[in-house]
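# Understanding the architecture of this molecule
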Amino acid sequence: MKQVNRDGEAQNKGFEDLKAWQLARQLMIECHGMAEALPVWERYDLTSQVRRSSKSVMANIAEGYGRYHYLDSLRFYYIARGSLNETIKSVISSRARFS
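Residues numbered from 1 in each chain as written. Predicted model: local features only at pLDDT ≥ 70, side-chain atom pairs only at ≥ 80, totals over all residues. Heavy atoms only, no water.

## Section: the nonpolar core
Nonpolar side chains in soluble globular proteins tend to be buried together. Core analysis: the biggest nonpolar cluster contains eight residues, these being Trp21, Ala24, Met28, Val57, Met58, Ile61, Ala62 and Ala80. Among the secondary structure elements, those contributing two or more residues to this core are helix H1 (19-37) and helix H2 (46-65). Here this core takes four residues from H2, the largest share from any one element. Apart from the residues within four sequence positions on either side, Met58 is in contact with Trp21, Ala24, Arg25 and Met28. (Core = buried A, V, L, I, M, F, W, Y, C linked by side-chain atoms within 4.5 Å. Buried < 20%, exposed > 50% of the residue type's maximum accessible area, 1.4 Å probe, protein only. Helix = DSSP H or I, 4+ residues; strand = E, 2+ residues; numbered from the N terminus. Contact = heavy atoms within 4.5 Å.)

Below, the structure written as structure tokens:
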């Protein structure tokens, strides 16, 4: 969401304006759609894992944005990167097993 300052220039309002968070949100939506297409027996294994890790990417970007010290922010962005790699691994696993 953009706010406009006195000069009419757009300003960032929150983490929702970060391109990384927007891409993570799109990834989460697509992962949830993919998870719904997986077989029922994967519901508590691969389906759960891909959903949780994709949500974690979004959550850690948002939490990092809310930190005041850059090193704190950086730590959460590193965690988000790890969750992203976990999500990618899950997508690769599901393609290998069910494609």
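## Some remarks on the packing of H1 against H2
Interhelical geometry of H1 versus H2 gives an angle of 170° and a closest axis separation of 9 Å. In this view, H1 runs roughly antiparallel relative to H2, as classed from their interaxial angle. Within the contact between the two elements, H1 uses Ala20, Trp21, Ala24, Arg25, Met28, Cys31, His32, Met34, Ala35 and Glu36 and H2 uses Thr47, Val50, Arg51, Ser54, Lys55, Val57, Met58, Ile61 and Ala62. Class assignment for the residues of the contact of H1 with H2 results in twelve nonpolar, three polar and four charged. (Axes fitted to C-alpha atoms, helices over the stretch in contact; angles between N-to-C directions. Parallel < 35°, antiparallel > 145°, perpendicular 65-115°, else oblique. Nonpolar A, V, L, I, M, F, W, Y, C, P; charged D, E, K, R; others polar.)

## Topic: H2
Under the 1.5 Å per step criterion, the end-to-end length of H2 is 29 Å for 20 residues, consistent within 8% with the ideal 28 Å. Burial in H2 covers these residues: Leu46, Thr47, Gln49, Val50, Ser53, Ser54, Val57, Met58, Asn60, Ile61, Ala62 and Gly64. In this structure, the buried residues of H2 make contact with H1 and helix H3 (70-98). (Expected span 1.5 Å × (residues − 1).)

## Observations concerning the packing of H1 against H3
Look at H1 against H3: their axes get within 12 Å of each other, and the N-to-C directions meet at 30°. Considering their axes alone, H1 and H3 lie roughly parallel with respect to each other. When you trace H1 past H3, the crossing you get is left-handed. Where H1 abuts H3, its residues Leu27, Cys31 and Met34 lie against Leu84, Thr87, Val91 and Ser94. Classifying every residue of the contact of H1 with H3 gives five nonpolar, two polar and no charged. (Left-handed = near helix turned anticlockwise from the far one by under 90°.)

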